[in-house]
Amino acid sequence: MLKAAFIFVAEGADGKKDRSVVTTPAVELTTVGVVDYEEAVEISKELVEAGIQAIELCGGFGHLGTAKIVEAVGEKAVVGVVRFDKHPGLGNQSGDSLYL
């Protein structure tokens, strides 16, 4: 079974409590809301230590935010992204302009 995660950034999110798990016969998907890139890095490290093999990032992660997650997990997981240059949930901005 593939253990995967989807991480999204949202104002007021708390990565310790704003999460859910959906399990299907082929995939166990953990969804986590985080408040910023710093929290996303820490949560990403925790997820790969718990066996997550693939992480998909929401469109709120800009190029630099994505690079931070790739660096944080190294070879322990693959990282993919949903791409928005200006995310509608972040006031039509990239997370790069908000969190760096």
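The model shown is predicted, which means the values in this text are computed figures rather than measured ones.

Here is what the cut-offs are and how they apply
- Residues numbered from 1 in each chain as written.
- Predicted model: local features only at pLDDT ≥ 70, side-chain atom pairs only at ≥ 80, totals over all residues.
- Heavy atoms only, no water.
- Pairing = 2+ DSSP bridges.
- Helix = DSSP H or I, 4+ residues; strand = E, 2+ residues; numbered from the N terminus.
- Right-handed = clockwise from strand over helix to strand, strands pointing away.
- Axes fitted to C-alpha atoms, helices over the stretch in contact; angles between N-to-C directions.

S.K.: So what exactly am I meant to see when it comes to the pairing of strand S4 (residues 54-57) here?
M.R.: Successive residues of a regular strand alternate their side chains across the two faces of the sheet. Bridge count for strand S1 (residues 2-9) against S4 is four bridges, and the pairing is parallel. Looking at S4, one finds that Ala 5 is bridged to Ile 55. Once you follow S4 into helix H2 (residues 63-73) and on to strand S5 (residues 78-81), the crossover reads as right-handed.

S.K.: Is there a simple way to think about the sheet that holds S1 in this case?
M.R.: Note on sheets: strands pair through backbone hydrogen bonds, and any given pair is parallel or antiparallel. Read from one edge of the open sheet, five strands run S2-S3-S1-S4-S5, paired in mixed fashion. Each edge of the open sheet carries a strand with a single partner, namely strand S2 (19-23) and S5. Taking the axes of each pair of neighbouring strands and ignoring which way they run, one obtains an average angle of 20° across the sheet. The pairing of S1 with strand S3 (residues 27-34) spans eight bridges and is parallel. In the strand pairing of S3, Val 9 is matched with Val 34.

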